Every structure is written in C-alpha cells, then in structure tokens.
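# Residue-level structure breakdown
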Amino acid sequence: MPPEAPLGSVRLVGAGPGPADLLTVRALRAVETAQALLYDALVDDEVIGLAPPGCVRIQTGKRAGRASMEQAAINRLMLRLARRGLRVVRLKGGDPSVFGRVGEESAFLKAHGVPVEVVPGVTAACAAAAQFDFPLTHRGVARRVVFATARLEAGALAMDWAAGADPETTLAIYMGSTAAGQVSQRLIAAGRAPSTPALVVENAGDPHAGLTTGRLDRLAELTAGSRGGPMLIVVGEVAALASAAGACEGAPAPGWRMSG
Ligand SMILES: C[S@@+](CC[C@H](N)C(=O)[O-])C[C@H]1O[C@@H](n2cnc3c(N)ncnc32)[C@H](O)[C@@H]1O
C-alpha cells in the first residue's frame, strides 16, 4: 500500500466584493499558493486567475447556468482534497463570516481533524459604504449596525425586524432584493419611520456599481431597476449621506443612478 499523504489544510478565505485589489494581502497569498481552489458564484474571475498553474479549480456556486453544489457535497469535497494532502482554499465572496456558512464548514472540517484557518474579507456593506462615501456608523446618528438577511423562506420573511426599529440603527440587508417590499412593510410596522433614508447598491466594489437612493417606504422601487448583479440594501440615516460624486477608486461609471 502506498504511504498515506500527510493531511493538508483548508483556508476559508474572503475574496471581498469583486476586484482583486480589494483582497487582503493574506487572502492574496492564500490564493497564490493554493493547490485546490473551491470558489463561489460571486468570486470574480480576476481573483480566480491569481491561483497558480496546476491548481485544481472547482466552481461550487451557481454560475453560467450551472447549478450550485449542495453544502454537504462541498464539505465532503474539501475533506477529500485535504486528505490528499493539498492546501485547499475555499474562496467566498465578501467576508466568510457574513452569510458565508463559515461556521458550518469550519465545524465540519475540525470534526474530521483538518486544520482550518479563516481569512477575513471586505464584506459588501463595507465596500458599498466606501465606494459611495457614506459611513455605516456616524457619531450621534447611527450607533449600531445590523447585518441582516432578507432571504425568503417559503415565500415569507423569517426574521423579526424589531431590532431595526431603533432610529439610530443602520441596517445592511443582504439577499434582500426580492423581499424589499416585505422588508419595508415589516420595518415600518416595527416602528421605523417610513421616511427613513434608504439605498441600494448593486455590484459594490465594481467600477460599474449602481447606487439608487430613496426612502424606506419606497424600498421595493429602489430594487426594481436591477441589472442582475448582487444587491445590498442599506436603511438608516447614513443612507442620506451617500453620494456617487465622492467616490474615487471604483468610481461609478455611467450605470449609476440616484433617485429622490
Ligand atoms: C450569500 S451572501 C454573501 C455575503 C458575503 N459573504 C459578504 O460578506 O459580502 C450574498 C449577498 O451578499 C450581497 N452582496 C455580495 N456581494 C455584493 C456586491 N458586490 N454588491 C452588493 N451586494 C453584494 C447581496 O445581497 C448578495 O445577495
């Protein structure tokens, strides 16, 4: 029997919102030295292209019409590759700890004795704020940020939105484009003022990112002009400070728009 390969390792790496220059240096080094790369749908081709020749590249998210892999299959695949002794990089859009299933993957790998390291990334909310010149917190105006998901379960919002009623809370809402109308109703029902500033950023980090601004009671309209990219919704007083004019790196191209 051939001797068993020493156990490899898995790095759960945040790729940031898209452009390679928004990778952390640690993430860049991880990708450049990967022997196997498993990447999600939102990871940019430019970043995937940084992996060395000979690196096994496996797409796990929905891309180009292909279905996404089941989480259990991804877990098994990471384990198999690590057991072959490979340095595996599991590359996720944004930050792996923000709606990135990092907890599940890390627990699975550790339970099987595989060394795991998490490498943080720039989450969509931070990229959107930087690009369109608004803060997520602001002294005296916004003292709390809530990262929430508005993913629908059986057609309905699963979350209790009471935490978003506080006028000093900034809500950064992920996966919310199809449920924007419901989010708006639930937040207003919870006590948030209908006139609260709100915005939507599509493809944050990309030079062609889109910004649409308005108010909470018109949230569904703000997401209606989607061009098919990932969308982040921000609700809170800080949204009134957003501006495409102040953006420098990743400055908005003709695609951006603002509405009142
Ligand atoms: C499964 S979550 C992953 C979030 C990711 N881990 C992060 O930290 O940004 C996917 C959702 O994040 C948001 N998102 C991710 N990348 C984005 C981008 N570049 N621009 C706007 N929203 C983005 C969208 O709401 C999208 O539906």
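Note: the structure precedes this text.
Quick notes on the rules
Residues numbered from 1 in each chain as written. Predicted model: local features only at pLDDT ≥ 70, side-chain atom pairs only at ≥ 80, totals over all residues. Core = buried A, V, L, I, M, F, W, Y, C linked by C-beta atoms within 7 Å. Buried ≥ 20, exposed ≤ 12 C-beta atoms within 10 Å, placed from the backbone. Helix = DSSP H or I, 4+ residues; strand = E, 2+ residues; numbered from the N terminus. Domains from an automatic or database assignment. Contact = placed C-beta atoms within 7 Å. Pairing = 2+ DSSP bridges. Axes fitted to C-alpha atoms, helices over the stretch in contact; angles between N-to-C directions.

Counting 71 residues, the largest nonpolar core has Val31, Leu91, Ala128, Leu232, Ile233 and Val234 as the members making the most contacts within it. Considering each element in turn, this core owes the most residues, seven residues, to helix H5 (residues 124–131). Counting the residues that make up this core, at least three belong to each of domain 1 (9–119) and domain 2 (124–241). Not counting chain neighbours up to four residues away, the residues in contact with Leu91 comprise Val13, Ala15, Val31, Leu37, Leu38, Tyr39, Asp40, Val43 and Val47.

Right, let's get into the sheet that holds strand S1 (residues 9–14). An order of S3-S2-S4-S1-S5 is seen for the five strands of this open sheet, with the pairing classed as parallel. Sheet topology places strand S3 (56–59) and strand S5 (116–119) at the edges, where each strand pairs with a single neighbour. For this sheet, the mean angle separating the axes of adjacent strands, direction not counted, is 15°. Bridge analysis of strand S2 (residues 36–39) against S3 gives four bridges, and the strand direction is parallel. Residue pairing in the sheet places Ala36 in a bridge with Val56 of S3. Packing of helix H1 (residues 25–32) onto the sheet brings it into contact with S1, S2, strand S4 (87–92) and S5, and relative to S1 it is tilted by some 135°.

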